[in-house]
Amino acid sequence: EVMEGGIPCTNPHDELRRYCWDLLETCNGLFAYWYKQQHSCNDASSSKNRVDENGAPVVSRLMTFITRYTAAPEENALLKHVDGAGKVDGSLVLALPIDRWTATEEENSFEGHGGGLTFWDGVKRSVNGKKELEEIVYDTRSGDVAFIDRAVWHQANPISKGTRWALVIFYKVDR
């Protein structure tokens with residue numbers, strides 16, 4: 001799914017979008033709630049955001065896709081990057097249930113085969129007193145949701161076995 005302003009790679013799969021509609025709407029609500037919490041105290045521009053009847057920011061999905069990771073080279077991770085080159089206000093990543101169709105549950109298990117997300121956000125002092133980006137690693141499981149703020153460096157960590165699926169949504173906050 002690609003909304004206006006996005007550059008689609010393929011045509012949207014309308015049947016899959018209809019099937020996932022309730023999930024997508026739930027993700028919109030979760031992202032809006034998170035965004036309001038994240039930006040209400042420290043972002044003077046948040047008062048310029050359009051809000052709904054509940055005071056939550058109105059959000060639009062710029063791009064929605066499901067991505068797959070396998071243990072194969074070039075398919076096992078998405079290394080350090082920023083979503084949308086700064087053109088999105090934030091992103092949501094939902095770890096989807098493991099793939100029980102292409103391999104056994106043990107092989108596709110999240111246990112001990114890598115994966116998860118790493119974020120570089122904030123600054124910390126190293127042992128020698130130099131400032132470094134803080135590295136935060138999340139060991140995700142099926143059903144986990146990660147919210148990523150605008151321009152935060154992150155990556156999907158490499159997996160060594162099995163297949164992982166994730167729903168990824170890039171968001172714009174209406175102003």
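Residues numbered from 1 in each chain as written. Predicted model: local features only at pLDDT ≥ 70, side-chain atom pairs only at ≥ 80, totals over all residues. Heavy atoms only, no water.

A. Region of the structure containing the side chain of His 39. Within the fold, His 39 resides in helix H2 (residues 21-39). What makes His 39 buried here is its relative accessible area of 11%. A polar contact of 3.0 Å, which involves the side chain of His 39, links it to the side chain of Asp 149. (Helix = DSSP H or I, 4+ residues; strand = E, 2+ residues; numbered from the N terminus. Buried < 20%, exposed > 50% of the residue type's maximum accessible area, 1.4 Å probe, protein only. Polar contact = N/O pair within 3.5 Å; in protein donor to acceptor, adjacent residues only side chain to side chain.)

B. The arrangement of the environment of Thr 64 in detail. Relative to the elements of secondary structure, Thr 64 occurs in strand S1 (residues 59-70). On a C-alpha basis, the gap between Thr 64 and Pro 12 in space is 9.2 Å, while along the polypeptide they are 52 residues apart.

C. Molecular detail of the sheet that holds strand S7 (residues 153-156). Overall, antiparallel pairing links the four strands, which are arranged S2-S7-S4-S5 in an open sheet. Taken across any chain shown, the strands that pair with only one partner, and hence form the sheet edges, are strand S2 (78-81) and strand S5 (131-138). Strand after strand, the sheet turns through a mean of 20° between neighbouring axes, direction not considered. Where S2 lies against S7, two bridges are found, and the strand directions are antiparallel. (Pairing = 2+ DSSP bridges. Axes fitted to C-alpha atoms, helices over the stretch in contact; angles between N-to-C directions.)

D. Structural context of the sheet that holds strand S6 (residues 145-149). Pairing is antiparallel across the open sheet formed by four strands, whose spatial order is S1-S8-S3-S6. With one partner strand each, in any of the chains shown, S1 and S6 form the two edges of the open sheet. With direction set aside, neighbouring strand axes in the sheet form an average angle of 20°. Note that strand S3 (residues 90-95) and strand S8 (residues 163-173) share six bridges and pair antiparallel. Paired with Ser 91 across the strands is Phe 170, a residue of S8. Contacting S1, S3, S6 and S8, H2 crosses the sheet at an angle of about 60° to S8. (Contact = heavy atoms within 4.5 Å.)

E. The arrangement of the environment of Asp 139 in detail. Tracing the sequence through the fold places Asp 139 in the loop between S5 and S6. C-alpha separation for the pair Asp 139 and Asn 157, spaced 18 residues apart in sequence, amounts to 9.3 Å.

F. Broad picture of the environment of Val 168. Assignment of secondary structure puts Val 168 in strand S8. Along the primary structure Val 168 and Ala 95 are separated by 73 residues, whereas in three dimensions their C-alpha atoms are 8.9 Å apart.

G. How the structure looks around the pattern of salt bridges. Counted under the stated rule, the structure contains seven salt bridges. Of the charged contacts in the structure, one is a salt bridge between Arg 17 and Asp 14, with a shortest N-O distance of 2.5 Å. With Arg 17 and Asp 14 both in helix H1 (residues 14-19) and three residues apart, this pair spans about one turn of that helix. A salt bridge links Asp 139 to Arg 141; the nearest nitrogen and oxygen atoms lie 3.1 Å apart. Residue classification places Arg 141 among the partly exposed positions, given a relative accessible area of 25%. (Salt bridge = Lys/Arg side-chain N within 4 Å of Asp/Glu carboxyl O.)

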